[in-house]
Amino acid sequence: MTGKPGRTARGGAQTSAGDLLDLVRSGRAVTRGALQQMTGLSRATVGQRLDRLFRAGWLREGAGGPVDSPLGGRPAITLEFDGSHAVVLAADLDTRHARAALLTLTGEILAERSGPLVVEDGPETVLDGLGRWFAELLTETGHAPEAVCGIGLGVPGPVDSESGRVVQPPMMPGWDGYDIRGRLSRAFAEHTGAGPVPVLVDNDANLMAYGEQRTGYQDCRAFVLVKVSTGIGAGVVVDGSVYRGVDGGAGDLGHIRVGTEALCRCGSYGCLAAVASGGAVARRLTETGVPAASGSDVRDLLAAGHPEAAALAREAGRRVGDVLATVVTLLNPGVLMIAGDLAGTPFLTGVRELLYQRALPRSTAHLDVLTAKLGERAGLIGAGALVVEHLYAPERVEERLTALGV
């Protein structure tokens, strides 16, 4: 998890220790000399601000870099972000299942677990269960609870990023407006005995998109991931940042009307999710005599090569592809990634059929349409990255260094 590209130091005497850390994390300046050149600060001032980062344990010296001077001399000592000084906890909720993991600050998963957690059981039960899982992950890896610097959580509903609360989530009854951040922080403290830690909450598709883009497509300026599981949602990453809209509602593709009379879980008729989600395909299969209770059952049938499941998945892909033609025309992304229970050849084939038929050639000329690379770990990695970027943003670095007394 490196710093975001594109940020420039503020320059002059106002350039903070947080700005220097950002330059090192992003790889734009990894020696003292380069930091002086990028910021215009004196050697002494750079040294003083780096010293704070060293004392906090956030920076370390690496190997010597190349010698820039034609006269030779000692190689410059490089600077590195020290990702070993803390760890991050992350969880990804689906409607009936969840995953949790302990990660390094650089995005490596150290331990994970998964199992049934049903969002309809309500936030108290589900978040307490996650707190218990977090404690087990720490015990398994031998990390002290105090090593955790933050928690990231993905949920299957729209999230107001300012408050961390879900807003009228169709698939999360009882969660609307609930204080997820506060309850999960308390659950962590109750099960570990540690003090409260920062908790960040975002939509699951947003975090999957963020994880995939940061891991494999950092040069892609416009990246779209579509998750097709119990529902349908999209995550959009533009210039390295998640695009959420004014109150977290961006990317809610599942509730675009597509002209059918099918009743959706949101209470409306004709939503895309009502006819093309994993849940919709499961219902169609059940009607034909093939028992399937959810998108995960459809995924298992697809993996087994079930012909009826493949045919219905391809049909669902065509419906989603029809909607995505508009998305691609509007956003002009470089990558369109399909993830979730239906992410496989039949569904992807259907998406491509309608997408390339309906979208203008110019919109798809430089577009890669593919399936997710990180699989079920994408949301965990994205949640971890979100926490790290939040905690090590330049303005927040100053607050945290002051709190540490360095």
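Note that this is a predicted model, so its numbers are computed, not measured.

Asker: What is the right way to read the overall build of the chain from this model?
Answerer: When its secondary structure is counted, the chain shows 14 helices and 14 strands. A compact globule built from 406 residues would reach a C-alpha radius of gyration of about 22 Å, and the chain, at 23 Å, matches this within 12%. Within the structure as shown, the chain displays about 17,600 Å² of accessible surface, and the carbon and sulfur contribution to it stands at 50%. In the chain, 39 side chains carry a positive charge and 45 a negative one; their mean positions are 4 Å apart.

Asker: Sorry, what's going on with the packing of aromatic side chains here?
Answerer: What describes a pair of aromatic rings is the distance from one ring centre to the other and the angle between the planes of the rings. Enumeration over the complete set of coordinates arrives at three aromatic pairs. Relative to Y392, the ring of W58 has its centre 5.2 Å away and its plane inclined at 75 degrees; by these criteria the two rings are edge-to-face. Of this pair, W58 sits in the loop between α3 (43-56) and β1 (59-64) while Y392 sits in the loop between α13 (378-391) and α14 (394-404); the two residues are 334 residues apart in sequence, bridging distant segments of the chain. Neither W58 nor Y392 differs from the other in exposure class; each is buried. Between Y217 and F223 the ring centres are 5.7 Å apart and the planes differ by 40 degrees, which places this aromatic pair in the tilted class. The exposure class of Y217 is buried, given its relative accessible area of 18%. On the basis of relative accessibility, which here comes to 0%, the residue F223 falls in the buried class. One cation-aromatic arrangement involves R400 over Y392; the distance from NZ or CZ to the ring centre is 4.7 Å.

Asker: Whenever I open this one, the packing of helix α6 (residues 204-216) against α13 confuses me. Can you help?
Answerer: Packed helices, taken two at a time, are described by the angle their axes make and the gap between the axes. Following both chains from N to C, one finds α6 and α13 inclined at 80 degrees, their axes separated by 7 Å at the closest point. Compared by their axis directions, α6 and α13 come out roughly perpendicular. Along its contact with α6, which presents L207, M208, Y210, G211, E212, R214 and T215, the element α13 presents A378, G379, I381, G382, A383, A385, L386 and E389. When its residues are assigned to classes, the contact of α6 with α13 shows eight nonpolar, four polar and three charged.

Asker: Looking at this structure, I do not really get the packing of helix α1 (residues 17-26) against helix α2 (residues 32-39). What am I missing?
Answerer: Between α1 and α2, the least distance of the axes is 11 Å, while the angle of their chain directions is 120 degrees. When the axes of α1 and α2 are compared, the crossing they make is right-handed. Taken together, the residues of α2 that come into contact with α1 (itself represented by L20, L23 and V24) are L35, M38 and T39.

Asker: Just checking my understanding: could you explain the confidence of the model for the chain for this structure?
Answerer: Atomic detail in the predicted coordinates should be set aside for any region of low pLDDT. Scored by pLDDT, the chain has a mean of 92; 94% of the residues are at 70 or more. Contacts from residues 3-8, a stretch scored under 50 in pLDDT, to residues over four places away or in other chains number 15 contacts.

Asker: Help me understand helix α11 (residues 345-358), please; the structure alone is not making it clear to me.
Answerer: The α-helix advances 3.6 residues per turn, and as a result positions three or four apart in sequence lie on the same side. Compared with the 20 Å implied by 1.5 Å per residue over 14 residues, the 20 Å span of α11 between its first and last C-alpha is a close match. Along α11, the residues that are buried comprise F347, L348, G350, V351, L354 and L355. Down the axis of α11, the buried side of the element spans an arc of 160 degrees, and every buried residue falls inside it. Structural note: α11 exposes T345 and Q357 on the side pointing more than 90 degrees away from its buried face. In the core, the buried residues of α11 are packed alongside β10 (222-228), α7 (272-276), α10 (307-331), β13 (335-339) and β14 (368-371).

Thresholds, definitions, all that
- Residues numbered from 1 in each chain as written.
- Predicted model: local features only at pLDDT ≥ 70, side-chain atom pairs only at ≥ 80, totals over all residues.
- Heavy atoms only, no water.
- Helix = DSSP H or I, 4+ residues; strand = E, 2+ residues; numbered from the N terminus.
- Rg over C-alpha atoms; globule rule 2.2 N^0.38 Å.
- Areas by Shrake-Rupley, 256 points an atom, 1.4 Å probe, with all protein chains shown as cover.
- Lys, Arg positive; Asp, Glu negative; His and termini not counted.
- Charge placed at Lys NZ, Arg CZ, Asp CG, Glu CD.
- Phe/Tyr/Trp six-rings, centres within 6.5 Å; stacked < 30°, edge-to-face > 60°.
- Buried < 20%, exposed > 50% of the residue type's maximum accessible area, 1.4 Å probe, protein only.
- Lys NZ or Arg CZ within 6 Å of the ring centre and 35° of its normal.
- Axes fitted to C-alpha atoms, helices over the stretch in contact; angles between N-to-C directions.
- Parallel < 35°, antiparallel > 145°, perpendicular 65-115°, else oblique.
- Contact = heavy atoms within 4.5 Å.
- Nonpolar A, V, L, I, M, F, W, Y, C, P; charged D, E, K, R; others polar.
- Left-handed = near helix turned anticlockwise from the far one by under 90°.
- pLDDT = per-residue confidence, 0-100.
- Expected span 1.5 Å × (residues − 1).
- Arc of directions from axis to C-beta.

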